[in-house]
Amino acid sequence: MEFPQQQKPAADGKIIYPLGVKEITDKISNDEVVKRLKLVVKTYMDMDQDSEEEKQQYLALALHLASEFFLRNPNKDVRLLVACCLADIFRIYAPEAPYTSHDKLKEIFLFITRQLKGLEDTKSPQFNRYFYLLENLAWVKSYNICFELEDCNEIFIQLFKTLFSVINNSHNQKVQMHMLDLMSSIIIEGDGVTQELLDTILINLIPAHKNLNKQAYDLAKTLLKRTVQTIETCIASVSVSLVSNDGEERLAVVKLLAKLFGAKDSELATQNRPLWQCFLGRFNDIHVPVRLECVKFASHCLMNHPDLAKDLTEYLKVRSHDPEEAIRHDVIVTIINAGKKDLNLVNDQLLGFVRERMLDKRWRVRKEAMMGLAQLYKKYCLHHEAGKESAQKISWIKDKLLHIYYQNSIDDKLLVEKIFAQFMVPHSLETEEKMKCLYYLYACLDTNAVKALNEMWKCQNMLRGLVRELLDLHKQPTSEANTTAMFGKLMTIAKNLPDPGKAQDFMKKFNQVLGEDEKLRLQLDQLISPTCSCKQAEQCVREITRKLTYPKQPTNPFLEMVKFLLERIAPVHIDSEAISALVKLLNKSVEGTADDEDEGVTPDAAIRAGLELLKVLSFTHPTAFHSAETYESLLQCLKMEDDKVAEAAIQIFRNTGQKIESELPQIRSTLIPILHQKAKRGTPHQAKQAVNCIHAIFHNKEVQLAQIFEPLSRSLNADVPEQLITPLVSLGHISMLAPDQFASPMKSIVANFIVKDLLMNDRSVGSKNGRLWTADDEVSPEVLAKVQAIKLLVRWLLGMKNNQSKSANSTLRLLSAMLVSEGDLTEQKKICKSDMSRLRLAAGSAILKLAQEPCYHDIITPEQFQLCGLVINDECYQVRQIFAQKLHVALVKLLLPLEYMAVFALCAKDPVKERRAHARQCLLKNISVRREYIKQNPMAHEKLLSLLPEYVVPYMIHLLAHDPDFTKPQDFEQLRDIKECLWFMLEVLMTKNENNSHSFLRKMVENIKQTKDAQAPDDPKANEKLYVVCDVALFVITNKSTSCHLDSPKDPVLPTKFFTPPDKDFNNDKDYLSSEARNVLLTGKIQPKQTGVLGAVNKPLTVTTVRRPYTKTAVSDTGSNASTNSQPISPATTKNRYREVSSEASEAGARENEENPQIVKAEGGKKVRKLTCDNARKLGINLH
């Protein structure tokens, strides 16, 4: 449409006013202007389109009314009258408006739109005029003139916003109809609906807006229905914009569609599936804001359209792994918000995404996931807001949250503690309710969650202990030693707080404040006192916080850090009252009057879990147990048939009963006979706890122990092994706890009964099932007794802690013989293979235990050390697994000497990937612990030889040089295996080149080459193998490090037990690796040889031609321990460990070995625990 030429007014341009109306100018008052305008309005109202003469007459007036004076007039009534005039002018002069300037038209329509706001007040005296204005505009469709304006969209958006904002429940049907007519004409007759205009309509459909103005919601809904065809056409064209190259355009369209699809009553997703699918594709948009907008939309969609959850799930899954932290965070918020509204809105998959994000690499995401799940748990599991079914649906949350305590980050641990205290067992509850919550939570947790919760209490208790020690140091006179000790405590405390770097500074400041403020020390002392109640703890925390608060500081990071410490050490759950409440709950479970079944646990499970809970708390809060009522309940538990319950009760007495003898004589007189009975005829675990309990809490322990020892020692009978196990346990622990009292009788028992009668005799014949391992209840009583006999020997020696009688030498020879004979000490072949595995494990574990005592470690020979280490390569999977765990635990506690860490290098040969991975984690942990210990303990620098992880290398080299697999120093396969074992250890050691450690390692290996093997200094072959291993180690180090050729920071010291002192006349510069061998080590590839194949790792285990792996043959060559029955093995295997099965193996045994691959003894004595005749004589072992 072309705008016509502006009509010309009268020839002289003079403005003609209607009859009786004087000139309207800015020279007159507002009241006069209003009076004159009313007459003008009436004139225009009476005119119609056919009044040509009048139209021409009043044209100048029409132009005058659009002047700045009227359009910007401050008087409300003037503006309304002018707007009415202008609306009539558009009606009269249609279709050719008198205004041709685009800018003037825009100004006029924006002016008219502003006046429509007067429609809001229906009680206004001027409402009828406002209604007339609306009616006129709607009837004439005056706004359609704006279609030709470039920025008409601005006018329409302003008009729609105005109408939606003014409509209310006081308007009648006519007002709504005129509004609809006005807006629908713009939508239907226009060239298209812009996104912004659609946005203006659709925003009124959002629930939040509906609640604010329901009439606007109804108006928008009716408008969409009236214009549905036009709107749908616009929406269909929107899908093109969804794939636009312009990210901002895609974002704008996504925002629009999100409102359309997410509106509560919207059916667009079901009516227009192609557009819905196209929209879902934007979840994978390359533009981050687009993906973020999609994720935010998902929250509304899940809540308003549960039926679309299935479509959203897959896209949210991908976004939960988005590289952008903010998007992963918002995915969690989306799911949790929907879940908090109604748990049925989120399926298991969606909750699974949140569970995964608890392990996210970013703390903000992890925190949101953990807090979100904690809120769901409290709402549905603790408060049962949606019934048992919903609680069951998310019952896994409690376990998974506690599992996070296993993570290394201190932030994660602190958040778990906070969640436990606020959401799982809220500390704000009354004591009885709080303990009921804890009692049944503990009974429902899985094993790992229970361990995590126990570890949490243990860590908090450890931190309380550190603070207590710090306060004790404050009570002592100032000295350099005191200051150093205080600094050490502060550093350890800081490690248990967020951001340890800042925490160190804040803890120093806190320590300074403690030194200056005695009242603060008293408050802190009360907080960590064993007798502090939960209510007192809260009061103390408030007082300490108040003292450290500075009013003028809006944020106080120092105070926040102190709060973290106080939250960790304050006993907010457990005190004497809480223990009493737990005991009452336990009594109810025992009596059958508790709510066990309602809480989802059986009475037996509740009793067992309750006792385990009390047992754990008896370690951390022993003082809280000291009451006759508590002990009476525990005595009842001792009389129960459940072995675990009685065992836990004894341990609680052991941990908490120090004052029973002096303060509770009635409890004492009842307890003693029960403990005696358990020590003599209870289970092995009960016997152990009973003996330790007597030793811990009674003053006349010597008399009590003697009353147990004497009848047990007289009744030992090897012919009835099932009745031997408990007496052996009790005797072992008695001899360890009171070595001086029972030294003489124990020596006689060991020599005449334990060794001669029990260990050196096989009275029964084991079942020939061919399996390498069986369940505990399938092990023969005789073998169980022998295992306990071995443990008794160790406990007896650990109690004596000296080798004056040479008993330790004899015991070590016996244990070595047990390993050499593979568990069949008598060689009568009466013991089955699974029982032999048990005895090998017991012997290896016994040597590990003895090595933890310095006086015995010194007498363990290199040969015995090697025999012990080879247990980690045992053919039985369970033996390897259990031995490796025992080795790790002792090493990580710094109980075992450093050389035992070298044993982990042999794990490179394990055929099971999980075992190798576990060994690597053990190495990482051990190395980390040792390095941290050196940092934290200045005195440790004097003991670097036994602490510095790098010093494990000489032990490893010596161990590998004596590996029974390593028989041919130039065999490429064997060299490759040696390299794998070396790299298994060196890779972890060389992760960082701290203090030029790479050159230190190189220097250490070079130094070894200038010595001889102390185990066989005059044996050329033994020394050659040692030097070959050194060259392989040097090859690995130089190939993996570019800085190893630098000068070593210090000269390494070598252990004299394994290497001779360097000889000045001896210069070993020989290269023991050929160029071909180096190529094999570099590439790992060996030219295939024509050789017979016996079996490979994945070969079925039903081959019947394979020989027994443990056939004994005396071999004269000291370099080879191979069985004469060994046959060549395929070189194609990995990790050089193979499966093998006895010719007598049953199908069941074969299936077990398929799941748990055994390490097979191959050519060259692969892990065959044989000694040559010479070596056997050295050990004092008679192989025949």
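Residues numbered from 1 in each chain as written. Predicted model: local features only at pLDDT ≥ 70, side-chain atom pairs only at ≥ 80, totals over all residues. Heavy atoms only, no water.

## Quick look at the overall build of the chain
Counting secondary structure elements, the chain contains 56 helices and zero strands. Counting across all 1184 residues of the chain, residues that qualify as buried make up 54%. Of the contacts formed within the chain by residues at least 6 apart in sequence, a portion of 74% connects residues at least 24 apart. When the accessible surface of the chain is summed, it comes to about 53100 Å², and 50% of that surface belongs to carbon and sulfur atoms. (Helix = DSSP H or I, 4+ residues; strand = E, 2+ residues; numbered from the N terminus. Buried < 20%, exposed > 50% of the residue type's maximum accessible area, 1.4 Å probe, protein only. Contact = heavy atoms within 4.5 Å. Areas by Shrake-Rupley, 256 points an atom, 1.4 Å probe, with all protein chains shown as cover.)

## Description of the side chain of His888
Tracing the chain through its elements places His888 in helix α47 (residues 877-892). When its relative accessible area of 13% is taken as the criterion, His888 is described as buried. The contacts of His888, once residues within four sequence positions are left out, are Phe904, Cys922, Lys925 and Asn926.

## A short note on a positive patch on the surface
Taken together, the side chains of Lys458, Lys688, Lys791, Lys849, Lys886 and Lys893 make up a positively charged region of the molecular surface. Examined against the element boundaries, Lys849 turns out to sit in helix α44 (residues 833-851). (Patch = residues over 30% accessible without salt bridge, like charges linked within 9 Å, V, L, I, M, F, W, Y side chains within 5 Å. Salt bridge = Lys/Arg side-chain N within 4 Å of Asp/Glu carboxyl O. Lys, Arg positive; Asp, Glu negative; His and termini not counted. Charge placed at Lys NZ, Arg CZ, Asp CG, Glu CD.)

## So, the layout of surface pockets
Taken as a whole, the second largest pocket spans an internal volume of roughly 2000 Å³. Lining of the second largest pocket is provided by 41 residues; of these, His685, Lys688, Lys791, Arg795 and Lys886 occupy positions nearest its centre. Where the lining of the second largest pocket is concerned, the elements lending two or more residues are α35 (643-656), α38 (684-697), α40 (725-737), α42 (781-800), α44 and α47. A total of eight residues in the lining of the second largest pocket trace back to one element, the largest contributor, which is α42. The class makeup of the residues in the lining of the second largest pocket is 18 nonpolar, eight polar and 15 charged. (1 Å grid on protein atoms, 1.4 Å probe; cavity = no way out; pocket = protein on both sides within 12 Å on 5 of 7 lines; lining within 4 Å. Points joined across faces, edges and corners; volume = space filled by probe spheres on them. Nonpolar A, V, L, I, M, F, W, Y, C, P; charged D, E, K, R; others polar.)

## A short note on the packing of helix α39 (residues 701-714) against helix α41 (residues 739-759)
Running from amino to carboxyl end, α39 crosses α41 at an angle of 15°, the nearest separation of the two axes being 12 Å. If you check the angle between α39 and α41, you find them roughly parallel. Seen along the crossing, α39 lies across α41 with a hand that is left-handed. Taking contact as the criterion, the partners of Glu702, Leu705, Ala706, Phe709 and Ser713 in α39 are, on α41, Gln741, Phe742, Pro745, Met746 and Ile749. When its residues are assigned to classes, the contact of α39 with α41 shows seven nonpolar, two polar and one charged. (Axes fitted to C-alpha atoms, helices over the stretch in contact; angles between N-to-C directions. Parallel < 35°, antiparallel > 145°, perpendicular 65-115°, else oblique. Left-handed = near helix turned anticlockwise from the far one by under 90°.)

## A short note on the pattern of salt bridges
According to the stated counting rule, one finds 53 salt bridges in the structure shown. Among the ionic pairs, Arg91 bridges to Asp88, the shortest N-O distance being 3.0 Å. In this pair, Arg91 and Asp88 are both assigned in helix α5 (residues 76-93), three residues apart and thus about one turn of the helix distant. The pair formed by Arg91 and Asp88 is uniform in burial state, with each residue classed as buried. Measuring nitrogen to oxygen at the nearest pair gives 2.7 Å for the salt bridge that ties Arg250 to Asp285. A residue pair is termed long-range when its members are at least 10 positions apart, and Arg250 in helix α14 (residues 247-262) and Asp285 in the loop between α16 (273-280) and α17 (288-304) qualify at 35 residues.

## Thoughts on the packing of helix α43 (residues 807-820) against helix α46 (residues 862-869)
Closest axis-to-axis distance for the α43/α46 pair is 10 Å, and the angle between their directions is 45°. Judged on the interaxial angle alone, α46 and α43 are oblique. Judged by the sense of rotation from one axis to the other, the crossing of α43 with α46 is left-handed. Where α43 approaches α46, its residues Leu812, Arg813, Ser816, Leu819 and Val820 are matched on the opposing element by Gln864, Leu867 and Cys868. Class assignment of the residues belonging to the contact of α43 with α46 gives a composition of five nonpolar, two polar and one charged.

## Regarding helix α21 (residues 363-382)
The terminal C-alpha atoms of α21, which comprises 20 residues, lie 26 Å apart, in line with the 28 Å expected from a rise of 1.5 Å per residue. Along α21, the residues classified as buried are Val365, Arg366, Ala369, Met370, Met371, Gly372, Leu373, Ala374, Leu376, Tyr377, Tyr380 and Cys381. With its phi angle positive at about 50°, His384 sits one or two positions after the end of α21. (Expected span 1.5 Å × (residues − 1).)

## Quick notes on the packing of aromatic side chains
Each aromatic ring pair is described using two quantities: the centre-to-centre distance and the angle formed by the ring planes. Inspection of every chain in the model, using the stated rule, returns 23 aromatic pairs. Arranged with centres 6.4 Å apart and planes meeting at 70°, the rings of Tyr44 and Tyr58 form a pair that is edge-to-face. Within this pair, whereas Tyr44 is found in helix α1 (residues 30-46), its partner Tyr58 is found in the loop between α2 (52-57) and α3 (59-64), the two being separated by 14 residues in sequence. Relative accessible area serves as the criterion here: at 1%, Tyr44 is assigned to the buried category. (Phe/Tyr/Trp six-rings, centres within 6.5 Å; stacked < 30°, edge-to-face > 60°.)

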